[in-house]
Structures are given as structure tokens and as C-alpha cells.
Amino acid sequence: MTTGTSGGALATTPPQTEPAGGPPLGRRLAGAMAFDKVGAVYVWVAIIIVFSIWVPDTFPTLDTAKQILNSNAITGLAALAITIPLAARVFDLSFAFVMTLTGVAVAKLVVGGTPLLVAILIGIGIGLAIGLINATVVVVAKIDSFIGTLATGSLIQALITMVTDDTPISDARLAGGFSDVGQTNITGVTLPVLYFALVAVAIWYLLEHTATGRRLYATGFNPDASRLAGVSVDKLRFLSLVTSGGLAGASGIVLASTLGSGSPTGGTPYLLPAFAAVFLGATQLKNGRFNAGGTIIAVLLLGTGTTGLALAAAPQWSQAMFVGVVLIAALAVTGIQRRTAVASRGSGVHGGGVSGTDQPDVGTATTLTDED
Amino acid sequence: MSTTTGRGPRARTWPLLATLMALAALILVAAGCGSDDEGGGGGGTSGSTDVGAADQLVNDKSTRPTQINQTKPIGKEVPTGKKITFISCGVEACAVQGPILKEGAGILGWSVKEVGTDGSPEKVQGAFEAAIRDGADAVIVNAADKDALAKPLADAKKAGVEFVTCCSLAKQGKDVLFNTATPEQNAPIGEMLAAEVVKDSGGKANALYVNVSAFAILAAVGDTFRAKYKELCPDCKSDTIDIPLTSLGKDAPDRIVSYLRSHPDVNYVVLSESGSTGAGLSGALRAAGLADKVKIVGQGGNEAIYQEVEAGNIMAVVPTALYSYDYAMLDALARKFAGVPVAETSPEFWLMTKENAPSNMSGPAFPIVEDYKAQWAKLWGKSA
């Protein structure tokens, strides 16, 4: 990757073979729709076709589309919460516990008579505070993020038990405005879908259209090179974890509202699905970079498959199997594509060449755990 | 943005292979579906619907019990100062039971030490062994897996430490002094739910039974539901879906909604465990436009579920009799320590609806029999 600090941002050098103004629209469109960029979309379409044939009465309907959106919005929010730290190559394994904690905390506050808005703000504040602690542990204390956030997750679990005594917080006072935050629906589409869309747009803008986004990716790809290029690597990682805490906190509040109670185990079931979605999403659109658009595609792809299987009354194990197969296939393909690209580049097979900006993509998703 | 071009044909075939793998998974699933579906079976055999019998059963079970089922006084002095260890299991029911056990033990002049665990066998075993070393007179574990506890149970036997449990498949015998909320005792719950559905539908029910097979203790509830349902309404249809443990608190409502959408004739949902499968269900039904098309009944629950009953979102539940379980376990220990035989008893069950729901249901559990404390104390020869 060619990096620079033009205009305070990390600039990327356009491929020298392209004419000024970029390639023609048709070629750009074809490139954007190439299987290696949006392969999941093709798989998604295939899945829709399969289920439309399999369960023609119920699957190809507007109600199914709404159901897929409604039932996957919180998974999407959880996945987006970890997209930013992962872009900076930092794991946040505590996000699911943060979701649980803010859910029970806000439920307890509302039951205790705190005005809803104040309770929500406190809940988000708790998420941000935990993000701050995570950031301190990972960036300041220089503890590996995988272990560090696992440890803070354990501490948060202790706090959850302390607050709830492992008993859900439920009360008639949660049935009013609190439940409306997550249960209100507009023509069958619930508010969490709207939150998911808003957060996705915000993260897309941050990562794709700001200097901070480019620096985050640069940090994730090669922190040493980024540091030498003038990027505040530690600051970005610190802020990414704080952001993750805040977003996870907000997601937990929405989850508790959807459940109508503060569940002491509410967030933990989202740990694996969120990581599955964000890693699958990293194989889409940006070739190995964690990105909001890819995460949306992944959430919808996985959600469509699981909803379709449920509508087809498939056995209970089939949904987990579907997610596992799709995830392994997607990540394996991405890894193979990377290796093939590197090999062909090394042997000079292709004529077009790999642009200088291609380097950050190499194996980010598939090799993150090895290198972090 | 990367613009990788010029890849060899091999690279291009891999994405296609991935697609095929994903679709192959679906086909595999479809094949599995064909052999594994319709466990519940439908009604189908023609016969006469006995709404009157259903009505009678519902009427019998719609009055909140005022009397505990144990009626036999101990008749001898119950020694005080006994040390009981309650090994909590990290789930809501255990957390709720600790204070109830302490309350009951207080009446008997005993102390209860609550030991928190995450419910994993090794943690429970460790806590059990520690309780024996600690000189406990008795140990209580909820939903005890007798096989997983074989060693501490043998050690307890040697040390003269009594063991009682609830909600377990374990049979009473040499290692287990007492077990309550057994599958046999839970079985009538299924009949009550079946009667409520048949009665309410006037013999035109099509019910979905939502099972959690991981809760083996509740299997009998499903069996009796299906048997009674078929007996009362041979033409009524029913089916069963299984919810995996990993879906509880996450996508269980979505699985139920999916089933209901693909089976639009279903008009009743029967929850085998309302607290875990019913969380968020009424909201999901509303969003799917199904809230007015199906009615929900269920076994168990928690404060949130009871509020749904009060609000009319859930038609009826048979509330969990946690107070009954705990006082019955203490009763068994009291009889053992007093030197009299353990007297069998079963929990009190009752069909709670919006109309008969008590007004004081705050807190995670409430006693089925209001003056339970005084009644148990009287049997024990103590004052509440």
C-alpha cells in the first residue's frame, strides 16, 4: 500500500494503468458486482430462489422480508458494534456482556423510577465507560485485546450478577415507553431495524469517507507502518474500543426493550452470531476489510437462510449448521482468493496488476487472530 | 479499494464452489427435514369433541389453591440448628429459590448457606464436596443430575449428609431422600393446558406445542398435553416444534413466528416453559401481525410472563410453584431429622388467567397458596 498524509489523510495511489477519472462506468459496475466482491449477494439470491421454490406459499412475501429484518436487527447492531475495533485489528469480546449489563441496568433504573431518557443515557454511558476500561486495558496496559476484553467481560459478568442476582428484571413499568423503544413497529418493521440502518450508515460514512476511517484501516493492516506515517495508532485503537462499548451498550438497551425485561443472560447469545456476521461481511465489498455494507449483507444472508429454514420447518439443528457452513465457505474462499492473487502477482500471471491499495486487504479477516 | 484482476481460472471456480457448498448444506437440511419433521403429529382421527369435559377440568383448576397439598403433621419434635447447603445453579429459578429456602429454614430454626455455581457439573460437584467437608447436615441441588453427582452422593451417604432435590429425573432411593416436581408430578400441567385450549376454542383448536427437549423434566408435560388434547378433541390438530437451548433469549420468538407464518391455521401456542420461550414472543407476534390470530398458554413463567397474562397478551399459564418445591424439600428433611418417614406430597398447580390473576404478583415468584407459611409451620409444630 502506498501511504501518505496528503491533507492529513492517508492517501491511496490510483492504479497507474487507469486513465484519469477512473475506468468506464460499465467496467466499474462489473468490478463492483464481481463474485469476489459481492459473492454473498449471489449466494443470497440463490438462497432466496431455493426457499421460494421450497416454501412458495410463505417465503417469497413481504412479511418474510419484514420478519428477516425484525429478527436480525439486534444481531446486526451487535455486529456493527465490533466492526470498528476489528477494522483497527482489535478484538472486543466483552461487547455481549456490555449488552447484557446495559440492558439490566436500564431496566433497573426504569423500574426504580428514573425517567426513560435519563436511564437510556446512563445505559449508553455505562457502555462508553466499559469501552474506556477496555481501551485502557488493551492500549495503555498493552494487554492482548483477545485476552484483555475476555477478562473485562468476566468482570462485567460479575457486575451483572451483582445487579440482578441472576434474576431477570421485570416490572409493569417496563411495559410502557421502555418496551416501545424496541417493540414499536411501523407497518410491520420494528424500530431496531431503523437503528441498525442508521448505525450502518454512520459506520459506512466513517470508514469509507473520512480520514479517520482510512487511518483505522491502515492501523488494522499495519500498525507499525501507520505509526511511521504519522497515524495515532494507539489513539485510534483506544477510541475504537470506546465506540464499541457505546454501541454495544445501546444495542443492549434495544435488546432489553425488545424482550420487555432486563435479562441477566440477554447479550451472550449474540457473541458468536455477531462475529460470524462481521467476519462474513469482511469478505464482501472490501475484500477482507471489515465494513458496514458487508456486515449488512452478511446479516441479511444469514438471517434469510435461518428464517427460510424455520419457515420450511427444518429440524432445529439446521440453522446452526447453515451458519457454520456459509461462514467456513466464505472465509475459505476469501483465503484462497488471497493466496491465488498473491501467487499470480508473484509469477506475473496477470496483466492488470494489483493496485497499490490492494495490500491492506490481504487476509485481514482470515488471518486476524494469527497476527493480532 | 482493491482491484484484483487477472486471476487464473482456478481462482474463479472457488467462489462457485462456495455457493454450491452453501446450497448443498441447504439440500442436506431439506433431506434431514424430510425424515425428522412432524414429531407431534396431527389429530385427524374423527371423534366427538368433549368441550364439556374440558370446561369441567378448566373450572376445577381455575381456582387458586388455598391449601397446601401436604396435610400430614410431623407429630414429633423437629431438631433445630441444622445446617443446610443450597447449591445454586446460576439460573433464575435457583436465584429465586435461595431466599425461599432461607425463609422456610428460619421457621425450623435452621440455617441455609447458599453456594453460587454456574450449574456446570464440575462446579456443582466441587460445591457438594465442600459442603460435606463443611459439616452440612443436608445438601439441596436443583435439577440434580444423579449420574453426574454419583461420587459426592456416595460421599454424602458415608458422611450422613442428607440430599434432597427438585425438578430432577432422579428417583428417590438410597442416595436421594426426596425429589419434588418430578415428571410424574408435572404431568397434570399438560392436561390443564390441553383443556384450556380445547375449551377456549370450542373444539376448533389447532395448537403448536413449543418444546425445549433439553428440559427433560418437562417431557411428561408434552406427553400429557398431547394425550389429553386428543382425548378431549380428536379432530383438533396439533404439532410440536423443538427450540434449542441456544435459541432461548435470542431467536426463540422468531422460530415460533416462522412456524406460525408457515402454518396459518394454527390458532394456539402452548409453551412448555413460558419464562424462557415466551420472552419477547408477544412483541414478535405483534410485529408479524399475528397477535390477534393466535392465543398463548404455557407452563411456568416469571414476573414478565405474569404481567403478560395480566395484560391479556398470554391467555393462561400454570405458574411455577417454587415456594411449594422449596417448602416440600424442607419438609422432607424435617421429617428425616425428626425420625419419621418422609411423606409424599406434590406441588399445587392452577390455571392462572387475566381474570383470576392475583394482584400481588410483584417479584420473580409468588406463592401459589397465600398462607403457605402458616400451613407448613403448623405441620412442623412451629410458629410462622
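Keep in mind that what you see is a predicted model, and the values were worked out from it rather than measured.

Student: Is there a simple way to explain the overall build of chain B in this structure?
Tutor: Secondary structure summary: chain B contains 13 helices and eleven strands in total. Burial analysis of chain B (384 residues in total) assigns 52% to the buried set. Counting contacts in chain B only where the partners sit at least 6 residues apart, residues at least 24 apart contribute 79% of the total.

Student: What's the story with the overall build of chain A in this structure? I'm lost.
Tutor: Helix and strand content of chain A: 15 helices and two strands. The burial tally for chain A puts 56% of its 372 residues in the buried class. Counting contacts in chain A only where the partners sit at least 6 residues apart, residues at least 24 apart contribute 77% of the total.

Student: Is there a simple way to think about helix α2 (residues 51–61) of chain B in this case?
Tutor: A turn of α-helix holds 3.6 residues, and therefore any two residues three or four places apart point the same way. Residue and element names in this part refer to chain B. Taken together, the buried positions of α2 are occupied by A54, L57, V58 and K61. One side of α2 holds all its buried residues, which, seen down the axis, span an arc of 100 degrees. Across α2 from its buried face, at more than 90 degrees, point the exposed residues G52, N59 and D60. Summarising the contacts, the buried residues of α2 are in contact with α6 (183–201) and α7 (219–232).

Student: Help me understand the sheet that holds strand β9 (residues 295–299) of chain B, please; the structure alone is not making it clear to me.
Tutor: Strand pairing in a sheet takes place through backbone hydrogen bonds and is either antiparallel or parallel in direction. All names here are of chain B. Across the sheet, which stays open at both edges, the six strands sit in the order β7-β6-β8-β9-β10-β11 with mixed pairing between neighbours. The two strands at the open ends of the sheet, each matched to only one other strand, are β7 (237–242) and β11 (352–353). Here strand β6 (residues 206–211) pairs with strand β8 (residues 268–271) via four bridges, running parallel. Across the sheet, A207 pairs through a bridge with Y268, a residue of β8.

Student: I tried to follow the sheet that holds strand β5 (residues 178–180) of chain B on my own but got confused; where do I start?
Tutor: Residues and elements named next belong to chain B. Spatial ordering of the open sheet is given by β2-β1-β3-β4-β5, a layout of five strands whose pairing is parallel. At either margin of the open sheet sits one strand with a lone partner, and together these are β2 (111–115) and β5. The mean inter-strand angle of the sheet, taken between neighbouring strand axes irrespective of direction, is 20 degrees. Note that strand β1 (residues 83–87) and β2 share five bridges and pair parallel. Opposite I87, over in β2, you have V115 as the bridge partner. Sheet contacts for helix α12 (residues 322–338): β3 (138–142), β4 (162–166) and β5; angle to β4, the most-contacted strand, approximately 160 degrees.

Student: Please clarify how the domain arrangement of chain B should be interpreted in this entry.
Tutor: Much of the literature gives interface size as the accessible area that the parts lose upon coming together. All names here are of chain B. The domain boundaries assigned to chain B delineate domain 1 (40–62 + 185–318) and domain 2 (83–181 + 321–340 + 370–380). If you look at the interface, domain 1 gives six residues, while domain 2 gives seven residues. In terms of residue class, the side of domain 1 that touches domain 2 is made up of two nonpolar, four polar and no charged.

Student: Looking at this structure, I do not really get the packing of α6 of chain B against α7 of chain B. What am I missing?
Tutor: Packed helices, taken two at a time, are described by the angle between their axes plus the distance between the axes. All names here are of chain B. At a minimum axis separation of 7 Å, α6 and α7 run at an interaxial angle of 40 degrees. As for how α6 packs across α7, the hand of that crossing is right-handed. Residue composition of the contact of α6 with α7, by class: 15 nonpolar, four polar and four charged.

Student: Just to check I follow, could you spell out helix α8 (residues 191–209) of chain A for this structure?
Tutor: Residues and elements named next belong to chain A. An ideal rise of 1.5 Å per residue puts 27 Å on 19 residues; α8 measures up with 26 Å between its terminal C-alpha atoms. When α8 is considered as a whole, its buried residues turn out to be P192, V193, Y195, F196, V199, A200, I203, W204 and L207. Angularly, the buried residues of α8 cover 165 degrees about the axis, an arc narrow enough to put them on a single face. Every exposed residue of α8 that faces more than 90 degrees away from the buried side is listed here: L198, Y205 and H209.

Student: What am I meant to see in the nonpolar core here?
Tutor: When a protein is soluble and globular, its nonpolar side chains tend to lie buried together. All names here are of chain B. Counting residues in hydrophobic clusters, the biggest one holds 221 residues, and the most contacted among them are V139 and V270. Mapped onto the domain boundaries, this core takes at least three residues apiece from domain 1 (40–62 + 185–318) and domain 2 (83–181 + 321–340 + 370–380). Excluding residues within four positions of it along the chain, V139 makes contact with T85, I87, F128, A131, A156, V161 and F163.

Student: Explain unusual backbone geometry here, please?
Tutor: Backbone geometry follows two general trends: most residues other than glycine have a negative phi, and most peptide bonds adopt the trans configuration. Residues and elements named next belong to chain A. Positive phi values are uncommon outside glycine, yet R89 reaches one of about 60 degrees. Turning to its location among the elements, R89 is positioned in the loop between α3 (62–87) and α4 (95–111). Of note in this structure, A313 is not a glycine but carries a positive phi near 55 degrees. Relative to the elements of secondary structure, A313 occurs in the loop between α13 (292–311) and α14 (318–346).

Student: How do you make sense of the confidence of the model for chain B when you look at a structure like this?
Tutor: Residues and elements named next belong to chain B. Taken residue by residue, chain B gives an average pLDDT of 87. The fraction at 70 or more is 88%. Within chain B, the lowest mean pLDDT, 52, falls on helix α1 (residues 9–36), and the highest, 98, falls on β8. Within the model, the stretch residues 1–13 combines pLDDT values under 50 with 30 contacts to residues more than four positions away or in other chains. Between residues 33–46, whose pLDDT stays under 50, and residues either more than four places distant or in other chains, the model counts 25 contacts. Overall fold confidence for the complex sits at a pTM of 0.79, while the interface term, ipTM, reaches 0.71.

Each value, and the rule that gives it
- As a convention, each chain's residues are numbered from 1 in the sequence order in which they are written.
- The naming scheme follows written order: chains are lettered A onward, ligands numbered 1 onward.
- pLDDT decides what is reported in this predicted model: residues at 70 or higher carry local features, side-chain atom pairs at 80 or more are listed and counted, and totals for whole chains, interfaces and linings draw on all residues regardless.
- Under the scheme used here, helices are H or I runs from DSSP no shorter than 4 residues and strands are E runs no shorter than 2 residues, and both carry numbers assigned from the N terminus.
- With C-beta atoms placed from the backbone, the exposure class of a residue follows from how many other C-beta atoms lie within 10 Å of its own: 20 or more, buried; 12 or fewer, exposed; in between, partly exposed.
- Residues are defined as contacting one another if the C-beta atoms placed from their backbone atoms lie within 7 Å.
- Each direction from the helix axis to a C-beta atom contributes to the arc, which is the arc of those directions.
- Here a strand pair is declared whenever DSSP counts at least two bridges between the two strands.
- Note on geometry: axes are lines fitted to C-alpha atoms, helical ones only across the stretch in contact, with angles between N-to-C directions running from 0 to 180 degrees.
- Reported domain spans reflect what an automatic or database domain assignment gives.
- As a working rule, the residues Ala, Val, Leu, Ile, Met, Phe, Trp, Tyr, Cys and Pro are called nonpolar, Asp, Glu, Lys and Arg charged, and the rest polar, with Gly in that last group.
- Left-handed describes a crossing whose near helix is turned anticlockwise from the far helix by less than a right angle; the clockwise case is right-handed.
- In this scheme, a helix's expected span is set at 1.5 Å multiplied by one less than its residue total.
- For the purposes of this analysis, a nonpolar core is taken to be any set of buried Ala, Val, Leu, Ile, Met, Phe, Trp, Tyr and Cys residues that are connected through C-beta atoms within 7 Å.
- Known as pLDDT, the predictor's per-residue confidence is scaled from 0 to 100.

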